[in-house]
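Coordinate inspection notes
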Amino acid sequence: AEDGVVRMWRWSKDTTSLDMVGQHSVGKGRVTGASWSKADPGIVVTSDEGGTVAVWDLVTNTTRSLVYGRNTIFCVACHPDDPDLVAIGCKLGLVLLVSVTGTGRVIHRMRGHDEDVYSLAWSPSMEVMIGEEKYMEWLVASSSRDRTVRVWSSREGRTVHSMRLPQDNRRGRQDSGHCWVSVAWPRDGAILSSGCSGELLSWDLTRPGKRGGSEFTILHKEHFKNLFSISCTKDMVYTVGQDRTLVATSLSSSRLVFSLPCFAGFVYCLAINQIEPSTIAIGAGDGQIRVWRMGGREMFSMTCIHAKMNQSKVMSLAWHPHREGLLAFGTDEGRVGWVEALGQGRMPTFSSYQHRGGVYSVTWGQGVEGEDEEQVMLYSCGDGKVVQHCTRSGKGLDIQGTIEKANTVGSKVSGKSQVVWVERDQVKLLLLGCDDGTIEIYKVPSLSLVATIKSQSKLIQSLSLHPHHMEDGNQTKYSSFLASASNEFPIHIFDLSTLMNPPTSPTTPLVLVSPTIVLSGHLQRVIEVAWSPHTQARLVSVSYDFSGQVWDVAAGAPLHNFSGHTGRVMCTVWHPTMAGMVLTGGEDGVLYCWDPTMQERTLPKERKKERRNKGMGSGEVKEAKEEAKAKPAVASSGDLSFEALLAQHRAQQSKTKEVQMEEVKESEMDAKEAVEAKAKEKKVRSASKKFYFPVSTAAEMKRKANAAEDCLAVHELYQEMKKDAARDSDGIIEELEKLKIGKDEQKPPIHLGFFHSRSAMFSLLKEESAALSDDLESQAVLGLWTGNLSSVVEAALQEGKMTERMVSHCAGVSMALWRKAAQGLGRQMVREGEVLRGSEYLLSSGAVVEAVTVLSKHGYHRAGVAIARSRLGQDCELVREVMASWARQSSADGNYALAAKCWLAVGKGEEAAELLARLGDRESLRVAALLMRETGGKGELYSRQCLTDCLYRGDTVLAMKLLEDQKDKLGWALVLVLVQREVLRLVKGGKVEGEVKPVLRMVKAECDKLGYCWTESNLETMTSFVLSSTHPSPLTQTLLSVSSLLAQAIFPQTELQACVGLVAKALHLLHTWPEQLALVLHGVLPGGGQAPGVGQAVLGRELDWQCNWAELRSVQCSEGLVRLDKLEKNKQEKVTEEDMELLADCFMLEDVIRSQKLEAEIAEGQVEVDKFKPEVSVGGQDDTEKQEDTDKTLDLTPSLSGAQTLSLAGGEWKSEGVSDNVPLPDTGGEDLPPPPPPSRSFYQRFLSGQPDTTLAVKELQKLRWTLDRTTSPSSPPFPDLSLACKRFVQITVVRGMGSKEDPLGEEDRASKLGLRQKVSRWGYYHGKRDMQEFFIQHS
């Protein structure tokens, strides 16, 4: 259903009823489809509009949900053989074939329809013939809003057959409006579908159609609206349409079995045709009038009238007394119409007059106004009025004016609720039921009042006069009995025989105040009564107690009670052709035909008031239309009028969705919010029920039995007051009464103070105020009424119970009282924690200083400052205090920026600077240093912090601003900032437009332009600053050091060679980052690393080509490293032998590599000495053998502490300065001799076999002495030349360069060495020992 719940029912044949046995709700919207698996009867698959498919296991009563995106699902169909497969019809023509196991995998997505798919049906077997083609698989049929039916292959997921619905010209509405197409597949070769106008079509798949598709036949056209559902059981097919008709058809014979009309709303009224009693009209809440011909052959020979009804609820019906087929009706919208119900057209006609509310009674009778008084007119009763309608002109006329002309009418006219026309022989009467329980009887056509009946006090629901003649033609003695049903439970019977006999008719209006018979037994109001046309004095009534009751009026006793309805019963008639049978209809949407003699009960049974479900909403099914002209203060469900019940049902449908949405929102509320909402609602409800007159109300209740006596006393007082008013036009008596001068009057009872003098009113209010001593707010209201509010305000202030309502009352007394109350309420609110609201009252009452102080004290500094700045003077000390308090609070909260602003607003720069420094960003540090410049303190520290951050981040703009602010303290840093700017630009790959100039020269020129002082003090400060700065990133730290060295090289007092050395050191720092080294080198030395270019870039003048400074060679080594890195990365770059020789010259520096070799040897020796442990010799023989082996081997380990020469003389190796008595290698013949084996390690030479480290320590001392003698502290740094040579050799190997041979053998052997062999042998003899293995492989 639309509530998102799927229910399972069990059908009981014995009781012909459905019993719910299970339900579930898993989806997110209304249920759109359901399918019971034929392959597994324990599975039910349902879908909802949110795209969720729920699989309900009936055995375990569990559900699984599968979500298919945002697809709106309209229908599902389970596979007849495979319980895991389900077909799904979706919006916009999509058909899915899915597996409901696991995650719900989609097997096929089938598209072919142009619009929404409304229905699905599987083939009854795997063997299907379509035309001449045979399919051996399960097929599935789908119907769509595009008016086509398609047959799909479940194996291939494609369309195998399609059929288009025929156009229906029957009602001339083809292709107009929405068309719902349903489909079923009951047997092989035949598919059933609905047509465009509600017909049921049978498609023969074995016979192709003339225009494609298949041939079809129409099984029935019983539905006049869309056919929604088709269900097949064996040979029967059942269809249900939008017209709520259930049609059963035989498939084998194509014969209509029955067409059962069903109601979609309350059954409101029944009317029997007086000319053809077997015809009965039924009015319901679904906007249709059904005309049932009971005398036909069919079980339900029924026609429906729905045109122009606009889904209105039909509340009343009446057949024309002379024209057989003319039927009048009234609707809940207030419209009145008539229609030829038995004709062909059946198009209703409406009167031009429309009631403002529901029309709950219509009747036909002689006209009483206008030219055609003899014509039969239609009378309607609604919204308290009776209107006469002319069926010829279509005009309506309110007859109340005619009644008032013909009769003397009081000032108050009762609203009408029922109208009945009576014509007996020559007596013509118009009976009107009123909302105050009165029945008025008028003579027609004069409309003179002939009788008034007043025995009931509530609205008249139904009037019925006993038939004059029974069905057998005999006259009855009860023909003058009038039955009246009202909102009271008993039914009153009146004998109108006096009025029915013209000779004895009274000349003056008859007044009846007591009924002839009272029928008691119903438990709720009685809605309608009807006399039996077959049995005398037999009456049937229906009530809101869910029952129909048959009475024996002659005996005044109940006979039979029918309690089969499940809702309130609205209408009843006796069956016109079956004597003794009764028809009843009610809000359960069912019309029952029952035999009174078969009922077990004689009276209605008591029903326990079921607690309404919260799901129905607070209003439930309550209908909110008040009775015509009657507005009771409190109306229980049993007191609702017939019209109110209708309004209730009418409002229910429009409010259902709103109620459901409210329930969803309420269910989603947090528990705390729900409690607060309920508390607030309770508070509002209790406030609305607040009662200020407990004393007088209690006295009134006690005197309830003496109401007449009190009324008489009030009347006498009023008369006396009128006399006094006439005598005293100037109000003197009233003034004397105030002064208690005048006649002594007896004090009236307390509850009559409202109706007595002013003094009595004051006495009453005084008593009430004393009774409400605990409720100051109520006392304030009473004080406001009397004008004495000061005492109440004083008490409220003392007790702390002042309220906003009391303050508002004080404004009407005096300004001083209001100010006092407002200040008291403000202080009270502050104590209770409502600081903002309390300050508002303080401020509005003029206590500005107090309001600001309170706000500042409780942390509302913004509000306090806003008020103080706006309302107080600029130099007010309170403003400074509030700002200082705000600053301290913000600082404690960690909002340093806001705190700094507060301190600055009151001139506290030092406090603001400390807070800005805590923020840590560069801008804040700069401002903090600026603020501290006047006071000193930590200003220099903040400025250096800011400068450091700017240098590391490359924020030159802010750094220059800082230097501008701190010229006296940070002027020395100008050159460093500018150099760092250029270095970072170079590292980031930035280029300068125009001619490329050396960076150092550019910075020097800019510094001179800005007036930089090149002093020794600035140089020292800059150097110490950089040395004390650290950064977690090694590259960032190195770049600042590079900038510092380059900046030092610019200073004029630095010597020329030292300047080049500083540049060399700067480049050496970048050896770890080749890419950055290349960029910086190119920017600092755009002319290259040769002497003239270096001199021009660093010193501003060229150096001599023959300059052999060690610093210059270090720069050239850095340039060589850049070249090496480029060749290693770009293996495709072309390079010549000459270029490679120049590159080799950069690294083949014997003095430098010797120093590096000494350093490596010292480091290795120190490590070995530190970890040395003496070895234990097993025998002397092994040591002797080892020594002999060693003597046979050429030991070329250099004695680094002495001179060594290694050369090729006469084609043989000659070594000087190595171990003594070591034989040289043999002659190598024509080729060069092989190089000697690698040197032994320091351990092997000086520690192996030694009992201690004496020899090794001596050697280390010699090595250190030699290193000190060959190097100086000012020597520039060089890269690892041994490693550089190794990388060089690797490049030549990869590129196949550097090898050379002379096949003629005529030249010197040494000239046969290629560049690779030369560098390898040079590296072998001069480089570090740990790389000799590599060099010997390429020598």
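Refer to the structure printed above.
First, a word on what this report is: a plain description of the structure on this page.

Criteria and cut-off values
- Residues numbered from 1 in each chain as written.
- Predicted model: local features only at pLDDT ≥ 70, side-chain atom pairs only at ≥ 80, totals over all residues.
- Heavy atoms only, no water.
- Core = buried A, V, L, I, M, F, W, Y, C linked by side-chain atoms within 4.5 Å.
- Buried < 20%, exposed > 50% of the residue type's maximum accessible area, 1.4 Å probe, protein only.
- Helix = DSSP H or I, 4+ residues; strand = E, 2+ residues; numbered from the N terminus.
- Contact = heavy atoms within 4.5 Å.
- Pairing = 2+ DSSP bridges.
- Salt bridge = Lys/Arg side-chain N within 4 Å of Asp/Glu carboxyl O.
- Phe/Tyr/Trp six-rings, centres within 6.5 Å; stacked < 30°, edge-to-face > 60°.
- Lys NZ or Arg CZ within 6 Å of the ring centre and 35° of its normal.
- Expected span 1.5 Å × (residues − 1).
- Disulfide = S-S within 2.5 Å.

Residues Leu947, Val975, Leu1046 and Leu1085 are the most contacted members of the largest nonpolar core, which totals 99 residues. The greatest single-element share of this core, amounting to 10 residues, is contributed by helix 23 (residues 974–987). In this structure, leucine 1085 is in contact with Leu1067, Val1094, Ala1097, Val1098 and Val1115, ignoring residues within four places of it in sequence. Counting 28 residues, the second-largest nonpolar core is a separate cluster that includes Met1140, Leu1149, Val1319 and Trp1322.

On to the pairing of strand 8 (residues 85–90). Residues in a regular strand point their side chains to alternate faces of the sheet. A large share of strand 8 lies buried, amounting to six of its six residues. Going residue by residue along strand 8, you find Leu85, Ala87 and Gly89 tucked away on one face and Val86, Ile88 and Cys90 tucked away on the opposite face as well. Of the strand pairs in this sheet, strand 7 (residues 73–78) and strand 8 are connected by five bridges, and their pairing is antiparallel. In the strand pairing of strand 8, alanine 77 is matched with alanine 87.

With that out of the way, let us pick up the pattern of salt bridges. When their charged atoms lie close together, side chains carrying opposite charge are able to pair. The final tally for this structure, using the stated rule, is 34 salt bridges. Across the pair lysine 967 and glutamate 964 runs a salt bridge, and its minimum N-O distance is 3.4 Å. Its relative accessible area of 54% is what places lysine 967 among the exposed residues. A salt bridge links lysine 1328 to aspartate 1280; the nearest nitrogen and oxygen atoms lie 3.0 Å apart. Here the residue lysine 1328 occupies a position in the loop between helix 37 (1315–1326) and helix 38 (1332–1337), and aspartate 1280 occupies one in the loop between helix 35 (1254–1270) and helix 36 (1281–1295), the gap between them amounting to 48 residues. Exposure remark for lysine 1328: the relative accessible area of 18% places this residue in the buried category. For aspartate 1280, a relative accessible area of 26% corresponds to the partly exposed category. Salt bridges linked by common partners bring Arg922, Asp949, Arg953 and Asp955 together as one network.

Another aspect to go through is the packing of aromatic side chains. Taken as a whole, this structure holds 17 aromatic pairs when the rule is applied. Between tyrosine 1012 and phenylalanine 1051 the ring centres are 6.2 Å apart and the planes differ by 80°, which places this aromatic pair in the edge-to-face class. Of this pair, tyrosine 1012 sits in the loop between helix 24 (999–1009) and helix 25 (1016–1028) while phenylalanine 1051 sits in the loop between helix 26 (1034–1050) and helix 27 (1056–1069), and the two are 39 residues apart along the sequence. For phenylalanine 1051, a relative accessible area of 1% corresponds to the buried category. Judged by centre distance (5.6 Å) and plane angle (70°), the ring pair of phenylalanine 1334 and phenylalanine 1335 falls under edge-to-face. For phenylalanine 1334, a relative accessible area of 14% gives the class buried. We classify phenylalanine 1335 as buried; its relative accessible area is 0%. Counting every residue linked through ring pairs, the aromatic cluster contains Phe74, Tyr118, Trp180 and Phe228. Sitting above the plane of the phenylalanine 1334 ring, lysine 1286 keeps its charged end 5.4 Å from the centroid.

For an α-helix, 3.6 residues make a turn, and residues three or four places apart therefore share a direction. In this model, helix 37 (12 residues) spans 16 Å end to end at C-alpha, consistent with the 16 Å of a helix rising 1.5 Å per residue. Listing the buried residues of helix 37 in full gives Leu1315, Arg1316, Gln1317, Val1319, Ser1320, Arg1321, Trp1322, Gly1323 and Tyr1324.

The next point concerns the state of the cysteines. As enumerated under the stated definition, the model contains zero disulfides in all. Sulfur of cysteine 75: no disulfide; nearest cysteine sulfur belongs to cysteine 90 and is 7.8 Å away. Left unpaired, cysteine 571 is separated from the closest cysteine sulfur, that of cysteine 269, by 6.5 Å. Of the residues examined, cysteine 571 reaches a relative accessible area of 0% and is grouped as buried.

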